[in-house]
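# Coordinate inspection notes
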Amino acid sequence: VGAQLRDYPIRYTDADKKSRVVAKEMLGIDPSLPVVIVLGGSQGAERLNNAASRAVCMNESTFFVLHQAGKNAEQYADLYRAQKKNAQVHRFVDTKTLALWYSAADCAISRAGSGTIHELLFFQVPTVLVPLSGGAAEHQADNAQAVSRQYPELFISAPETADGIAQKIAERMY
């Protein structure tokens, strides 16, 4: 039968949504710069963080990266600095800050957990989904397939490689 998209309780309301320009200004980001958010602070984050950060660094376009990187945040902040990429890297961000990130985002790179997918859908963020694979996480591939089929203008899947993610970022942003 496969996965089906259903209503899901999320922690945000319409009051949490801001225009992209306002959200970027609130975050101290030049409103003319596209923003890519990387949501790599959860289960399986290290492989996603590695692939997504390499993909971002491969891209020659100028944009701003907001990266939730979990325990190795400094490593990714150092990488972006070395590559001269505009970035803010945090271990984790609170709910209010994440709402600003979602509002500011021109593109997101994320795993395909149900909660995150529904938040990205609520904020209408074009997203490259990189499903966690293996063991109990196989449902993420089903989640990504179902939401990509239902909302192809917002969601596409990518393999967990820098090249695969970079290609999909380009498709989402340009």
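So, here's what we can say about the structure. Numbers given for residues are sequential positions, taken from 1 along each chain in its written order. Where totals are concerned, whole chains, interfaces and linings use all residues; where local detail is concerned, this predicted model gives features only for residues with pLDDT of at least 70, and gives and counts side-chain atom pairs only at 80 or more. To obtain the side-chain values, all non-hydrogen atoms of the structure were included, while hydrogens and water were left out.

## Quick notes on the packing of aromatic side chains
Side-chain rings of Phe, Tyr and Trp, where Trp is taken by its six-membered ring, are said to pair if the distance between their centres is within 6.5 Å; with planes under 30 degrees apart they count as stacked, over 60 as edge-to-face, and otherwise as tilted. Summed over the entire model, instances satisfying the criterion amount to four aromatic pairs. For the ring pair Y12 and F123, a centre distance of 5.2 Å and an interplane angle of 80° mean the geometry is edge-to-face. One end of the pair, Y12, is in the segment before α1 (20-26); the other, F123, is in helix α5 (residues 114-123), and 111 residues separate them in sequence. Taken as a pair, Y12 and F123 share a single burial class, namely buried. Runs of H or I in DSSP of at least four residues are treated as helices and runs of E of at least two as strands, each being numbered from the N terminus. For each residue, the accessible area found with a 1.4 Å probe, counting protein chains only, is set against the maximum for its type, and the residue is called buried under 20%, exposed over 50%, and partly exposed in between.

## Some words on the sheet that holds strand β6 (residues 155-157)
The pairing criterion is simple: DSSP has to find at least two bridges between the two strands. A sheet is described by the order of its strands in space; here six strands give the open sequence β3-β2-β1-β4-β5-β6, paired in parallel fashion. The open sheet has two edge strands with one neighbour each: β3 (86-90) and β6. When the angles between neighbouring strand axes are averaged without regard to direction, this sheet yields 15°. Summarising the sheet, strand β4 (residues 107-110) and strand β5 (residues 127-129) pair through three bridges and their orientation is parallel. In the strand pairing of β5, I109 is matched with V128. Geometry is summarised by axes, namely lines fitted to C-alpha atoms with helices restricted to the contacting stretch, and by angles between N-to-C directions that run from 0 to 180 degrees.

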